Structure formats: C-alpha cells, structure tokens
Amino acid sequence: MTLAKTALVAGVLVGLSPMIAKAAELEKKGSTSYTSHYVFHPLGTVELSGIGKATSLEMVGTTENTKGEPAFDNMKAKCQAVNVETGGKKWIEGACAMTDTDGDVVFSTFDTRDLDAAQPNMDCGSHVITGGTGKYKGISGTEPFSCVEVATPAGEPAGSFAMDIPHNTVWEIN
C-alpha cells in the first residue's frame with residue numbers, strides 16, 4: 001500500500017512540475033504592486049567640475065509581488081540608466097527588461113522626474129511599459145514607484161549601492 005501511495009504522489013508531482021516551473025499567464029488588463037530589489041553598479045562617469053556629472057549605471061535584481069499575486073513576481077530585472085547631476089538638479093533615467101521564468105520579457109523606460117501626483121507615496125519616478133515578448137506582447141502601462149535605500153550586499157563592486165523599488169502597476173495587453 002505504501003509503495004502504491006508513493007508512486008501515486010511521485011506521478012502527480014511529475015505531472016505538475018511543468019506547471020510549477022511555468023510563469024502564470026497575465027490577465028489582459030489589471031493592476032498590482034510589486035517591489036524590485038536592485039543593486040546599482042556604476043559603469044563609468046563623465047564629469048566637468050562645477051558644471052555637471054553623468055554616471056552610467058547597470059541595475060540588476062529580482063521582483064517580488066507584494067500582494068502575493070503571480071503578476072510581475074519572481075522576474076529577473078536588468079536596467080541600463082544614466083544618473084545626471086547638473087544645474088542643482090539630479091535625476092536618473094533609463095530602460096529595463098524584466099524576464100519571467102518562461103523567458104518572456106516586459107520592457108519599460110523610466111524617469112525619476114516623472115512623478116504621479118495622484119500617488120504621492122510613489123515619490124521617486126515612473127516607469128512606462130512600452131512592450132514585451134511572449135505573453136507580454138502588446139503590453140503597455142504605467143508604474144509609479146518609490147525608492148528605499150537598503151544595505152548593499154557583501155561582495156558587490158566598489159561604488160555599488162542597493163535599493164528596493166516598490167511599484168504600483170497598471171497594464172493592458174492589446
């Protein structure tokens with residue numbers, strides 16, 4: 001009897017394993033909240049003393065849906081950005097690709113000068129979702145975000161820093 005139960009459980013797990021590894025399908029229209037856990041790596045700097053400075057950044061990390069939903073959860077995120085300081089102002093702008101466990105990608109741009117007045121707690125900037133591949137083909141949307149400084153993980157290159165970036169996301173797939 002025990003051998004039969006073990007075989008049955010093993011068969012069920014093998015049958016379910018493709019579903020467990022596969023990312024959930026995304027609704028055609030929706031909203032959720034998620035946090036990106038990023039480490040920022042400086043790649044190079046251009047500076048003119050007293051005038052301005054621009055630093056190229058690579059951002060790498062993962063996402064976590066803060067509502068416990070499958071949308072935008074457990075994705076690998078990679079961004080390229082430029083951090084500009086000039087004329088008494090400072091901002092970061094760039095573009096990101098977030099890849100799910102199926103290899104499907106969401107692409108977005110962001111700018112820390114673009115704030116959503118309707119969401120004052122999302123006070124660090126906004127992403128604009130511009131497209132994607134696979135299940136995300138035809139996606140568009142907005143993602144106001146905030147920025148929370150966190151400890152930089154040990155072993156990161158000199159000059160690196162880390163942030164958690166909570167997002168409120170609204171999307172539509174056409």
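Rules and cut-offs
- Residues numbered from 1 in each chain as written.
- Predicted model: local features only at pLDDT ≥ 70, side-chain atom pairs only at ≥ 80, totals over all residues.
- Heavy atoms only, no water.
- Salt bridge = Lys/Arg side-chain N within 4 Å of Asp/Glu carboxyl O.
- Helix = DSSP H or I, 4+ residues; strand = E, 2+ residues; numbered from the N terminus.
- Buried < 20%, exposed > 50% of the residue type's maximum accessible area, 1.4 Å probe, protein only.
- Disulfide = S-S within 2.5 Å.

A. Region of interest: the pattern of salt bridges. A complete count under the given rule lists six salt bridges for this structure. Linking K135 and D104 is a salt bridge whose minimum nitrogen-to-oxygen distance equals 2.7 Å. Here K135 is found in the loop between β6 (125-132) and β7 (139-145), whereas its partner D104 is found in the loop between β4 (89-99) and β5 (105-111), with 31 residues between them in sequence. You can call K135 buried: its relative accessible area is 11%. Judged by its relative accessible area of 15%, D104 falls in the buried class. Residues participating in the shared-partner salt-bridge network are D100, D102, D104 and K135.

B. Just the state of the cysteines, in detail. Per the stated rule, a full pass over the model turns up two disulfides. Across the disulfide, C79 is cross-linked to C96 (sulfur-sulfur distance 2.0 Å). One quick way to see it: the torsion about the S-S bond of C79 and C96 is about 105°, and its sign makes the bridge right-handed. Taken together, the residues span a long stretch of sequence, with C79 in strand β3 (residues 76-86) and C96 in strand β4 at a distance of 17 residues. Covalent S-S linkage joins C124 and C147, the inter-sulfur distance amounting to 2.0 Å. Disulfide C124-C147: torsion about the S-S bond near -90°, hence left-handed. Of this pair, C124 sits in the loop between β5 and β6 while C147 is found in the loop between β7 and β8 (148-150), placing the two residues 23 residues apart along the sequence. Exposure remark for C124: the relative accessible area of 16% places this residue in the buried category. Residue classification places C147 among the partly exposed positions, given a relative accessible area of 28%. With its bonded cysteines labelled in order along the sequence, the protein chain shows the pairing 1-2, 3-4.

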